[in-house]
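Survey of secondary and tertiary structure
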Amino acid sequence: MLFQKDRQTSPHPLSLSRVFGYNSSLAVHSLMDGEDRVLLYISSHTVVIHDILGNRQYPLQGHTNVISCLCVSEDRRWVATGDRGPDALIIVWDSYSGIPVRTIFESHPEDGVGAIAISRDAKYLATISAGAVQRVCVWRWTLPTEKPLCSTDLKPEFGYQDYVIFNPQNPYEFISNSKTQGDAGLQYSTPLLSRQTFKSVVGRFSQSVFHFNDSQALTGTSAGKLVVWAAVRPQSPAKEPWVKLHSMKAIKVVPLQEESITVLVAFESCIVTGDVKGQVKFYNGELKFLTCYRHSKVGPIRSISFSQATPGASPACSASLTDSSQPFVARNFILSTSDATVFHVATDKTNFEKLLEEAKEAVNAITCHPWQTLLAAGSHCGLLKVWDYQQNQYLVSRIFVGAGIQCLSYDPEGYLLAAGFTDGSVCILDAISLLSSCKEFKFSRGPVTHVSFSHDSEYLATADEKYMVTVYKRVLQKGSRCWQHLAGLQSHYKPIRSILFGVHLDSNKPRLLSLGEDRQLVEYDLDRSSKGRLVVLHRIRVEQFAVPLCLAWYPQLSTESFILTANNCYKMKLYNTTTKICRKTLLGPTYGSPLEKIQILPATNAADPWIRYLAYVTKDKVGLQILPIDGNPHKSSAFICHPDGVSDLASSYDRRCVFTAGGGDCTVMKWEVNLNALDAAASLGGEDLVPFYNLLDGGREGEFFRELEDYFYYAQLHSQGIDTLETRQVSTHIPLEEIPSVMRAMGFYPSEKKIEDMINEVKFSKYADTGEQVTQISFGDFLKLYINHRPAFGLSIKKIQQAFQVLGYDNENGDKVIDRGDLLLLLQCRGERMTEDELARCLTTLMGKHPGGGGSELDTYDPSGAAALSEEEIPEEITAEIFAADILGLPIAEPEKNY
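If you're wondering where the values come from, they're calculated on a predicted model, not measured in any experiment.

1. So, the nonpolar core
- Judged by nonpolar contacts, the single largest core of 31 residues is most densely connected at Leu 39, Val 342, Leu 624 and Val 658.
- Sorting the residues of this core by element identifies strand E1 (14–20), strand E3 (38–43), strand E28 (351–357), strand E49 (613–617), strand E50 (621–626), strand E54 (668–673) and helix H2 (675–684) as the ones contributing at least two each.
- By size, the runner-up hydrophobic cluster in this structure holds 29 residues, among which are Tyr 693, Phe 705, Ile 734 and Met 743.

As structure tokens, then:
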């Protein structure tokens, strides 16, 4: 039913169409029987229903945090999932239609859900919170109430309860266990088992089940034993008639096998175990051994999911248990392992069919082929896989032993694939076979974080965690082309965020740049570089206090060529490719965290090459941006892709798909691009200044906008002279010199460097086209300038407090303070230093102590009086709150919100 739906074009700019990889710490369930291979598993925050034979997936999306637990009803109709993190959810899905039929909000608001189970009749859910103090709740999920039927807190000494299961014979009973203890129903657990309890090693607990013959329960342990529990009835009955309070007592320990038990299942008339050696063993109700299924390539078992019984069929195990002359044959089952491999086991043939083999450690590197539908992904476990993302088929893989893959890059010709490893080595591979095309290089001092080819495939550059850039060159030796180490240089003193090859404007020669968190943009002279010597051509500081995070070549959308950067203050900047002067500062996407990586999507529309787009990722989201960038928020859209963090971004050569890697969640996600939807959203947001009005408090009709108009036109009067008797020249422009005054009047206090950038941005905005400088700015352009340059989320006392944490000391009351003299000295000696006269003018004006306030008095003011005023009005020890409220005159803002 689910896969019979017609896949319609998504109305969203990005839609999840495929997931590569899954969370191997959670169970994999079988949803269909017979010859079908339909699996259900978790990938990051998404539930995936995967038809293996049909090569189709259906993602169930609704969680905003990584899913921490799941369970499936007996008939496989209902799937319940829970997550951890802010605004944690419990969602019950209909697996037939893929529709979420119930969402429970604020079930465990502090810590999220750690374990979940569904009763056999599919009416009740049992959940356990994931916090230090765990809470157990029972829900009747078919009722609309948001409150549980009953709940209780578990004592910390019971250990962290990480597994829960209902009694198949009684939907009002369930059992949970930690690694050391079990807990039944809503009553407290038994005492801790030790070696002295049964005169033998018990081991750590894995999973528990109810025995199908009586009220006993069983728990598997790491020592290969089963702990048998019996119910102990309390003396006082429960107040609620549907709850029978009782605890469990361990009556014996059965040594079942030598191998550590990782999975325990009570299936029909059998007790089934899975262990660390990949064996699945069947026992009858008296725990007598029946049979074992094993395979040399199966690792430690994580879950076992049996096929459903066909209507009218007898239980799988019953006949074989009653007739010892018949060989035991169990029902087929799905097996998942902790090393991210899934098998289908046909028990009649003892046939192990591998269905999935994915990365078992973090996936930090992905890259797309420049002209084929190929995607390469590298994992920290050393697994390198290549998919055909159009056919969604796995093509080839290679495992590197001893080091994890940290970064990948195809060369522009598509014949080579470069891989950087955690041990500092670099391999250049054949793009098809993944065989090494030359010897391994190991010139980096630390794990390689970035790798990139030049446009002509003649150079390869890498960056590592020791802030070094290393360049390799393709040379001709003995009639064949091979790679040779050229030189390396520690060109930064903080982590390198990007390395980027480009092309010189006046030639076809490659140019290389690197950008670091030290705010340095470094360009290297490849022509003058020689063996063992990497020459720096330019070194430019691109930020005053913000930290640059990513770098890209901006497409040629005008006569001027730019380099695009994004910083941690949600700003994007355009720098002239030749002079490296900042030409524009623009407000970037503001979706909870700054941009971490950016990629310009390829131009495929030959009819209109000016239509270009940008793909980006933040900490946990993937998005698209319409170019040219102008600060319009409606030109951007983003979606949650990996709640625990995005590690890499790649785009297909035809810009139809964008791919994201999730690092620790071991998944790669394929997103289909719908640029028409993004264009439509931008059009609905309005044209010209309409989108910018909405970024002001109160919008176009608000008080803030009216105040901005008043200041703008007052600046126009001020530029013509306040006391002039000459005829006024009415205009919609003001001189560029008035920009700082209006900005500060509106509550934005730019540094002198920012003022210079703002004025230069306007002054040279048309210089490349007309050769003339702009001397005045219109109201509309000023509004855009203000919105793009002001702090993305306004002023915050938190930032002032952070400065005091760095610069101050703890006084007798334990408050962070700065000495008055030290503060005045810092203002005159550090950063954009103020003269004593400037400091005196500012302090007296801010504190409202300037006599008269007239212009002539300002010019003749004696700064020596400021020192006396400072001692009189400013306390000897200054806190962040005193500095903000009493000196700057700013209101103490509320704590910053998470946008």
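2. Regarding the packing of aromatic side chains
- Going through the model one piece at a time under the given rule, you end up with 31 aromatic pairs.
- Between Tyr 693 and Phe 705 the ring centres are 5.3 Å apart and the planes differ by 85°, which places this aromatic pair in the edge-to-face class. On the criterion of sequence distance, the pair formed by Tyr 693 in helix H3 (residues 690–693) and Phe 705 in helix H4 (residues 703–720) is long-range, its members being 12 residues apart. Accessibility assignment for this pair places Tyr 693 and Phe 705 in one class, buried.

3. Here we look at the side chain of Arg 790
- Tracing the chain through its elements places Arg 790 in the loop between helix H8 (779–789) and helix H9 (797–807).
- One buried charged residue, Arg 790, forms no salt bridge at all, with the nearest opposite charge on Asp 697 at 6.1 Å.
- Among the polar contacts listed, one links the side chain of Arg 790 to the backbone oxygen of Leu 695, at a separation of 2.8 Å.
- Apart from residues no more than four positions distant in its own chain, Arg 790 is found in contact with Lys 571, Leu 695, Leu 696 and Phe 748.

4. Brief notes about the pattern of salt bridges
- Enumeration according to the criterion identifies 27 salt bridges in this entry.
- Among the salt bridges present, the one from Glu 358 reaches Lys 385, with a minimum N-O distance of 3.6 Å. Taken as a pair, Glu 358 in the loop between E28 and strand E29 (363–368) and Lys 385 in strand E31 (residues 383–388) lie far apart in primary sequence, 27 residues in all. No difference in accessibility class separates Glu 358 from Lys 385, as the two residues are buried.
- Across the salt bridge formed by Glu 458 and Arg 481, the nearest N and O atoms sit 2.7 Å from each other. One end of the pair, Glu 458, is in the loop between strand E36 (448–453) and strand E37 (459–464); the other, Arg 481, is in strand E39 (residues 480–489), and 23 residues separate them in sequence.
- The partly exposed category is assigned to Glu 458, whose relative accessible area is 22%.
- With relative accessibility at 46%, the residue Arg 481 sits in the partly exposed group.

5. Some words on the sheet that holds strand E22 (residues 270–275)
- Spatially, the 4 strands line up as an open sheet ordered E21-E22-E23-E24, and their pairing is antiparallel. Here the strands that pair on one side only, and so sit at the sheet edges, are strand E21 (261–267) and strand E24 (289–293). The mean angle between the axes of side-by-side strands here comes to 20°, regardless of whether they run parallel or antiparallel.
- The pairing of strand E23 (residues 280–283) with E24 spans 4 bridges and is classified as antiparallel. Among the inter-strand pairings, Phe 282 is bridged to a residue of E24, identified as Thr 291.

6. Description of the packing of H4 against H8
- One can describe the packing of H4 onto H8 by two numbers: an axis separation of 12 Å at closest approach and a directional angle of 120°. Between H4 and H8, the angle falls in the class oblique. Crossing hand, H4 versus H8: right-handed. Residues Phe 704, Phe 705, Leu 708, Glu 709, Phe 712 and Tyr 713 of H4 form the contact with H8, whose participating residues are Phe 779, Phe 782, Leu 783 and Tyr 786.
- Looking at the contact of H4 with H8 residue by residue, the classes come out as 9 nonpolar, no polar and 1 charged.

7. Considering unusual backbone geometry
- Cis geometry is adopted by the peptide bond preceding Pro 628, which originates at Leu 627 and carries an omega value of 0°.
- Among the secondary structure elements, Pro 628 is positioned in the loop between E50 and strand E51 (636–640).
- Despite not being glycine, Leu 287 has its phi angle at roughly 65°, a positive value.
- Notably, Asn 392 is not glycine yet its phi reads approximately 55°, a positive angle.

8. Thoughts on the environment of Leu 783
- In this structure, Leu 783 sits in helix H8.
- With relative accessibility at 0%, the residue Leu 783 sits in the buried group.
- With 71 residues separating them in the primary sequence, Leu 783 and Phe 712 have C-alpha atoms 9.8 Å apart.
- When residues no more than four places from it in sequence are discounted, the contact partners of Leu 783 are Leu 689, Phe 692, Tyr 693, Leu 696 and Leu 708.

9. Topic: the packing of H9 against helix H14 (residues 880–887)
- Axis separation between H9 and H14 bottoms out at 8 Å; the angle between their running directions is 130°. When the interaxial angle is binned, H9 and H14 end up oblique. Like other packed secondary-structure pairs, H9 and H14 cross with a definite hand, here right-handed. Across from Ile 797, Ile 800, Gln 801 and Phe 804 in H9, the residues of H14 making contact are Ala 880, Glu 881, Phe 883 and Ala 884.
- Grouping the constituent residues of the contact of H9 with H14 by class yields 6 nonpolar, 1 polar and 1 charged.

Cut-offs applied
Throughout this description, residue numbers start from 1 for each chain and increase along the sequence as written. Restriction of local features to residues with pLDDT of at least 70 applies here, the model being predicted, together with a cutoff of 80 or more for giving and counting side-chain atom pairs; totals for whole chains, interfaces and linings are based on all residues. The basis for the side-chain values is all heavy atoms of the structure; hydrogens and waters are excluded. As used in this record, nonpolar core signifies buried Ala, Val, Leu, Ile, Met, Phe, Trp, Tyr and Cys residues forming a set joined through side-chain atoms within 4.5 Å. A simple rule labels every residue: compare its accessible area, found with a 1.4 Å probe on the protein chains alone, to the largest value its type can have, and call it buried under 20%, exposed over 50%, or partly exposed in between. Numbered from the N terminus, helices here are DSSP runs of H or I no shorter than four residues, and strands are runs of E no shorter than two. Pairing of aromatic rings covers Phe, Tyr and the six-membered ring of Trp, with a centre-to-centre limit of 6.5 Å; geometry is then stacked below 30 degrees between planes, edge-to-face above 60, and tilted otherwise. As used throughout, the charge tally considers Lys and Arg to be positive and Asp and Glu to be negative, leaving His and the chain termini uncounted. A carboxyl oxygen of Asp or Glu within 4 Å of a side-chain nitrogen of Lys or Arg is what we treat as a salt bridge. Throughout this description, a polar contact denotes any pair of N or O atoms lying within 3.5 Å of each other; where both atoms belong to protein, one of them has to be capable of donating a hydrogen while the other can accept it, and for residues adjacent in sequence the pair is counted only when both atoms sit in side chains. Only heavy atoms matter for contacts: two residues are in contact if any of them lie within 4.5 Å across the pair. When DSSP finds at least two bridges between two strands, those strands are taken to pair. All axes here are fitted lines through C-alpha atoms, helices being fitted over the stretch that makes contact, and every angle between N-to-C directions spans 0 to 180 degrees. Put simply, angles under 35 degrees are roughly parallel, angles over 145 are roughly antiparallel, angles from 65 to 115 are roughly perpendicular, and the rest are oblique. Helix crossings get a hand from a simple test, with the near helix turned counterclockwise from the far one by less than a right angle marking a left-handed crossing and a clockwise turn marking a right-handed one. Three categories are distinguished: nonpolar for Ala, Val, Leu, Ile, Met, Phe, Trp, Tyr, Cys and Pro, charged for Asp, Glu, Lys and Arg, and polar for the others, with Gly belonging to the last.

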